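Report on the structure
Here's the letter readout for the chains.
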Amino acid sequence: MAKGLADAIGSDIKRQLTADVNRLVKIIVRQLPSYSPQYTGFFASSWKASTSRPKPVDKVEDFSPWSGIKTAKAQDPSVSPRVQPRFDVPRFSYNDRIYIGNTAMYARYALASPSNKIPAFVQGEVKFLVDFIFGDKKRPDLRVGASPLGFDGADLSSIRGSSYMKL
């Protein structure tokens, strides 16, 4: 009888941890656009959660309405960006390694923008959320592509990719 109880408790804990991880990932993915640089809105709309690092392969020119916004902004800088998340957030298990990254081809340059507020968001609000949601429970293996890798602060050609912050 004790083994059955232990199994039931273990199953309940796993179910709750999985629900907590999925809730946290959805919150992060929903909030990232508001901390992202927003020229056309394509970068802010291109956050993706996955068990592998999202690849920055999407060209703004290939996606409507952002391709039109980019063209219009060249003529009129007051054209507003459009932020519309492009990816659904899948379900994860509490023991998955989860990456939240950006699929815009120019992601590494956008992360070097002075208007990038993602590192402060991850180190502040997200860290608080992780502490609040998980407390002393097992923490998820969650990483967010928040800053440029290899950026020296001046030369954009020094950027080698996106640096992922582990929470």
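Every value quoted in this text rests on a predicted model; they were computed, and no experiment measured them.

1. Observations regarding the nonpolar core
Val-25, Ile-28, Leu-32, Phe-43, Ile-100 and Ile-118 are the most contacted members of the largest nonpolar core, which has 34 residues in total. Elements supplying a minimum of two residues to this core: α1 (2–35), β1 (47–50), α2 (66–75), β2 (97–102), α3 (107–110), α4 (118–134) and β3 (141–149). Look past the residues within four positions of Phe-43 in its chain and what remains in contact with it is Ser-36, Pro-37, Asn-102, Ala-104, Tyr-106, Ala-107, Ala-110, Leu-111 and Ile-118.

2. Quick word on α2
Within α2 the residues assigned to the buried category are Trp-66, Ile-69 and Lys-73. Here the buried residues of α2 occupy an arc of 50° about the axis, which is enough to place them on one side. Away from its buried face, by an angle of more than 90 degrees, α2 presents the exposed residues Thr-71, Ala-74 and Gln-75.

3. Digging into the confidence of the model for the protein chain
Summary statistics for the protein chain give a mean pLDDT of 88 and a share of 90% for residues scoring 70 or more. For the protein chain, per-element mean pLDDT is lowest for strand β4 (residues 161–166), which scores 76, and highest for β1, which scores 97.

4. As for a nonpolar patch on the surface
A surface patch of nonpolar side chains, amounting to about 280 Å² of accessible area, comprises Leu-5, Ile-9 and Ile-13. For Ile-9, the location among the structural elements is in helix α1. Here Ile-9 falls in the partly exposed class, since its relative accessible area comes to 44%.

5. Observations regarding the pattern of salt bridges
Here the structure, examined in full by the defined rule, presents nine salt bridges. Residue Asp-58 pairs with Arg-86 through a salt bridge whose shortest N-O separation is 2.5 Å. Here Asp-58 is found in the loop between β1 and α2, whereas its partner Arg-86 is found in the loop between α2 and β2, with 28 residues between them in sequence. A residue is classified by how much of its surface remains accessible, and Asp-58, at 15% relative accessible area, is buried. One salt bridge connects Asp-141 with Arg-97, and the closest N-O pair in it is separated by 2.8 Å. Pair noted here: Asp-141 is in strand β3 and Arg-97 is in strand β2, with a separation of 44 residues, a long-range link. Assessed through its relative accessible area of 18%, Asp-141 is described here as buried. In this structure, a network of salt bridges that share partners links the residues Arg-97, Asp-141, Arg-143 and Lys-166.

What counts as what
- Residues numbered from 1 in each chain as written.
- Predicted model: local features only at pLDDT ≥ 70, side-chain atom pairs only at ≥ 80, totals over all residues.
- Heavy atoms only, no water.
- Core = buried A, V, L, I, M, F, W, Y, C linked by side-chain atoms within 4.5 Å.
- Buried < 20%, exposed > 50% of the residue type's maximum accessible area, 1.4 Å probe, protein only.
- Helix = DSSP H or I, 4+ residues; strand = E, 2+ residues; numbered from the N terminus.
- Contact = heavy atoms within 4.5 Å.
- Arc of directions from axis to C-beta.
- pLDDT = per-residue confidence, 0-100.
- Patch = residues over 30% accessible without salt bridge, like charges linked within 9 Å, V, L, I, M, F, W, Y side chains within 5 Å.
- Areas by Shrake-Rupley, 256 points an atom, 1.4 Å probe, with all protein chains shown as cover.
- Salt bridge = Lys/Arg side-chain N within 4 Å of Asp/Glu carboxyl O.

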